[in-house]
Amino acid sequence: MKPKSNQTRTYDRDGYKKRAACVCFRSGAEDEVLLVSSSRYPDRWIVPGGGLEPEEEPSEAAAREVCEEAGVKGDLGRLLGVFENLERKHRTYVYVLTVTEVLEDWEDSLSIGRKRCWFSIEEAVRALQGHKPVQASYFQSLIQNCHHSNGTIPLPNQNPLPDVR
């Protein structure tokens, strides 16, 4: 563990920072996903998530981080997977969350002016792939492990996303 200004960072036995995140869907149809503006680069979109606190389970951290960063609560579903960012030495547990409550004001909107926006899966992949390729891979995993009744989600194309706000 290593103290951070407002939290304690936790690491696994391999020295990777332990993180958790949620792919937040507007409904059980899993066709619209919520992204939030980056705290470092407010014109870029990211998947809400962050570090695990000591003794915190990844699922608890994922739900907490989504509430703090995106101002939503919901039904936590399946684990999409554990994703490694070799460059930053992070391991992130990524869950599916179906949003049931959208808060008008939330912690990061008030403290740092964070924004949120709904995207199609295709748009989310395009918004992430340039600066957050590991996060874009969350959606590739979702597509490959599709649990929809008809078993299909359109694969994203590689065209750049127009400015969406």
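All of these numbers come straight from a predicted model, not from anything done at the bench.

Rules and cut-offs
- Residues numbered from 1 in each chain as written.
- Predicted model: local features only at pLDDT ≥ 70, side-chain atom pairs only at ≥ 80, totals over all residues.
- Heavy atoms only, no water.
- pLDDT = per-residue confidence, 0-100.
- Contact = heavy atoms within 4.5 Å.
- Salt bridge = Lys/Arg side-chain N within 4 Å of Asp/Glu carboxyl O.
- Helix = DSSP H or I, 4+ residues; strand = E, 2+ residues; numbered from the N terminus.
- Buried < 20%, exposed > 50% of the residue type's maximum accessible area, 1.4 Å probe, protein only.
- Pairing = 2+ DSSP bridges.
- Phe/Tyr/Trp six-rings, centres within 6.5 Å; stacked < 30°, edge-to-face > 60°.
- Axes fitted to C-alpha atoms, helices over the stretch in contact; angles between N-to-C directions.
- Parallel < 35°, antiparallel > 145°, perpendicular 65-115°, else oblique.
- Left-handed = near helix turned anticlockwise from the far one by under 90°.
- Nonpolar A, V, L, I, M, F, W, Y, C, P; charged D, E, K, R; others polar.

Chemist: Is there a simple way to think about the confidence of the model for the protein chain in this case?
Modeler: Atom-level detail of predicted coordinates should not be read off regions where pLDDT is low. Within the protein chain, residue pLDDT values average 86, and 84% of them lie at 70 or more. Throughout residues 1-5 the model reports pLDDT below 50, and contacts reaching past four residues in sequence, or to other chains, amount to eleven contacts. Throughout residues 147-165 the model reports pLDDT below 50, and contacts reaching past four residues in sequence, or to other chains, amount to 32 contacts.

Chemist: What should I look at first to understand the pattern of salt bridges in this one?
Modeler: Any two side chains of opposite charge can pair, given that their charged atoms come close. One pass over the structure, following the stated rule, counts eleven salt bridges. A salt bridge links arginine 78 to glutamate 30; the nearest nitrogen and oxygen atoms lie 3.0 Å apart. Of the two residues, arginine 78 sits in strand S7 (residues 72-85) while glutamate 30 sits in the loop between strand S3 (17-25) and strand S4 (32-37), which places them 48 residues apart along the sequence. On the basis of relative accessibility, which here comes to 27%, the residue arginine 78 falls in the partly exposed class. Between glutamate 65 and arginine 64 there is a salt bridge, and its shortest N-O distance comes to 3.0 Å.

Chemist: Which parts of the structure should I look at to understand the pairing of strand S9 (residues 116-120)?
Modeler: Each regular strand displays side chains that alternate between the two surfaces of the sheet. By the alternation rule, side chains of S9 split into Cys117 and Phe119, which are all buried, and Arg116, Trp118 and Ser120, of which none is buried. Taken together, the five bridges between S4 and S9 define a ladder with antiparallel strand orientation. Bridge pairing in S9 places glutamate 32 opposite serine 120.

Chemist: What is the right way to read the packing of aromatic side chains from this model?
Modeler: How two aromatic rings sit relative to each other is set out by the distance from centre to centre and by the angle between their planes. A complete count under the given rule lists two aromatic pairs for this structure. Ring geometry for tryptophan 45 and phenylalanine 119: centres 5.4 Å apart, planes at 70 degrees, overall edge-to-face. Placement of the pair is tryptophan 45 in strand S5 (residues 45-46) and phenylalanine 119 in strand S9, with a sequence separation of 74 residues. Here tryptophan 45 and phenylalanine 119 have matching classes, each one buried. Arranged with centres 4.7 Å apart and planes meeting at 55 degrees, the rings of phenylalanine 83 and tyrosine 138 form a pair that is tilted.

Chemist: I would appreciate a short explanation of the environment of isoleucine 143 in the present structure.
Modeler: As for its position among the elements, isoleucine 143 is in helix H4 (residues 133-144). In sequence terms isoleucine 143 and isoleucine 121 are 22 residues apart; their C-alpha atoms lie 9.2 Å from each other.

Chemist: Got a minute to help me understand the environment of glycine 51 in this structure?
Modeler: Its place among the elements puts glycine 51 in strand S6 (residues 49-51). Classification of glycine 51 as buried rests on a relative accessible area of 4%. Residues glycine 51 and lysine 17, spaced 34 residues apart in sequence, show a C-alpha to C-alpha distance of 7.3 Å.

Chemist: Please clarify how the packing of helix H3 (residues 121-129) against H4 should be interpreted in this entry.
Modeler: Pairs of packed helices are described in terms of their axes, by the angle between the two and the distance that separates them. Direction vectors running N to C along H3 and H4 enclose 155 degrees, while the axes themselves pass 7 Å from each other. Taken together, the axis directions place H3 and H4 in an arrangement best described as roughly antiparallel. Where H3 crosses over H4, the handedness of that crossing is left-handed. Residues Ile121, Ala124, Val125, Leu128 and Gln129 of H3 form the contact with H4, whose own contacting residues are Pro133, Gln135, Ala136, Phe139, Gln140, Leu142 and Ile143. Tallied by class, the residues present in the contact of H3 with H4 amount to nine nonpolar, three polar and no charged.

Chemist: Even after reading the chapter, I still don't get unusual backbone geometry, so can you show me in this structure?
Modeler: We note that glutamate 30 has phi near 55 degrees; this positive angle belongs to a residue other than glycine. Residue glutamate 55 is not a glycine yet carries a positive backbone phi of 65 degrees. Within the element layout of this structure, glutamate 55 appears in the loop between S6 and helix H1 (58-70). On the basis of relative accessible area, glutamate 55 is assigned to the exposed category, the value being 81%.

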